[in-house]
Amino acid sequence: MSTLRIALIGYGGAGRGIHARLVRAAGQQVVAVVTGSRSDQVAADWPDARVVPDVDALLSDLHGVDLVVVASPTGEHVAHATEALAAGAHVLVDKPLATTAQDAAALAARADGRLTVFQNRRWDAEQLALLDLLGRDELGPVHRFERRWERFRPQPQDRWKENDEDAGGLLLDLGAHLVDSAVQLFGPVRQVYAELAARTTPAVDDVFLALHHDSGVLSHLQAGGLVGAPGPRARACSERGPRTS
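Everything numeric in this text was worked out from a predicted model, so none of it was measured. (Residues numbered from 1 in each chain as written. Predicted model: local features only at pLDDT ≥ 70, side-chain atom pairs only at ≥ 80, totals over all residues. Heavy atoms only, no water.)

A few words on the sheet that holds strand S4 (residues 67–70). Across the sheet, six strands lie side by side as S3-S2-S1-S4-S5-S6; this open sheet has parallel pairing. On the outer flanks of this sheet lie strand S3 (50–52) and strand S6 (115–118), each paired with one strand and no other. Strand-to-strand twist in this sheet, taken as the mean axis angle between neighbours without regard to direction, amounts to 25°. Alignment of strand S2 (residues 29–34) against S3, held across three bridges, turns out to be parallel. Opposite Ala32, over in S3, you have Arg50 as the bridge partner. Sheet strands in contact with helix H4 (residues 77–86) are strand S1 (5–9), S4 and strand S5 (91–94), and its direction is about 175° off that of S5. (Pairing = 2+ DSSP bridges. Helix = DSSP H or I, 4+ residues; strand = E, 2+ residues; numbered from the N terminus. Axes fitted to C-alpha atoms, helices over the stretch in contact; angles between N-to-C directions. Contact = heavy atoms within 4.5 Å.)

Spelled out as C-alpha cells, the structure:
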C-alpha cells in the first residue's frame, strides 16, 4: 500500500498530540501543516513538510495531498471543512464535526462521500471489550449503561476550549465521545435529557446526559471538571448484575 500524504489544519493539541502522532504510528506522512506559531515543532517532527500560514494558502495548492485533516478549534471546523471540500479534497474532521446539528447536516450533504469524522475512542480497550461482551451476550439484557470522564481541576486551563462558549465546552469535547460510545453500543436514540453548567469556565464544564435508546437501554453519561471522587469509567447494569471498568 502506498503512503498516504496528509495535510493538517492546526498543529495544537489535536493536530500534533493526536493526529500527527497516529499518522506516524500508521506509517503515513504529514506533507503540509497550517500553523502560525508552531513552525519549529513541525520542522522538528516532519522536516520535509511545508508550513503554510493559513488555510487559503494550503488549499491553493493541494498537489501531493491525499487527505486534509481539520484539527483547528471547534468553532472553525465547519468553515475549514467547507473550504477543503470546495477545493476538491478528501477531508477528515476532528470531533465534533460542527457546533449545531443543522451545520453538521449541511456539511455532510455537500461532502459527496469525501468527508468523515475522527472518533478515535471507538478503539479504546474498554469500548472494544464492551462490544465483545455484548456481541457474545455475556451481560444479558442491559437496562442501564453509564460512562464518565470526570476529574477535579478547580483551576481550569486558559485555553479556547474553556473560554469559547460557542465551541460547546465539555459537552462537545468529551461529550462527543461519550455519546458516540453509547450509540455504537446500544443504537439510535429517541429522547435526550441534559443538565449542563459552566461552573469554573465561560464554556460548559459540567455535563450530564440521559439517552433513551430505541433498544430500551438508558445511558447516563457524565463529564465534569469539579468531581473530587470520580465514579467508574463505565458500568453496564443488566439482569446478570453490574459490570464495571
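With that out of the way, let us pick up the side chain of Glu146. Within the secondary structure, Glu146 sits in strand S7 (residues 142–150). Among the residues examined, Glu146 registers a relative accessible area of 5% and is labelled buried. Looking at Glu146, its side chain comes within polar contact range of the side chain of Arg148, at 2.8 Å. Among residues more than four places away in sequence, those in contact with Glu146 are His220, Arg233, Ala234 and Arg235. (Buried < 20%, exposed > 50% of the residue type's maximum accessible area, 1.4 Å probe, protein only. Polar contact = N/O pair within 3.5 Å; in protein donor to acceptor, adjacent residues only side chain to side chain.)

Attention now moves to a nonpolar patch on the surface. A contiguous nonpolar surface patch, about 210 Å² in accessible area, is contributed by Val183, Val189 and Val192. Note on placement: Val192 falls in strand S8 (residues 189–197). The exposure class of Val192 is exposed, given its relative accessible area of 53%. (Patch = residues over 30% accessible without salt bridge, like charges linked within 9 Å, V, L, I, M, F, W, Y side chains within 5 Å. Areas by Shrake-Rupley, 256 points an atom, 1.4 Å probe, with all protein chains shown as cover. Salt bridge = Lys/Arg side-chain N within 4 Å of Asp/Glu carboxyl O.)

According to the stated counting rule, one finds 16 salt bridges in the structure shown. As a salt-bridge pair, Asp132 and Arg136 come within 2.7 Å of each other at their nearest N and O atoms. Relative accessible area serves as the criterion here: at 38%, Asp132 is assigned to the partly exposed category. Notably, a salt bridge pairs Asp206 with Arg199, separated by 2.5 Å at the nearest N-O pair. Arg199 gets classed as exposed once you look at its relative accessible area, which sits at 54%. Members of the salt-bridge network, linked through shared partners, are Arg144, Glu146, Arg148 and Arg235.

Okay, unusual backbone geometry next. Here Lys95 and Pro96 are connected by a cis peptide whose omega angle stands at -5°. Mapping Pro96 onto the fold places it in the loop between S5 and helix H5 (101–109). Notably, Asp112 is not glycine yet its phi reads approximately 55°, a positive angle. Relative to the helices and strands, Asp112 resides in the loop between H5 and S6.

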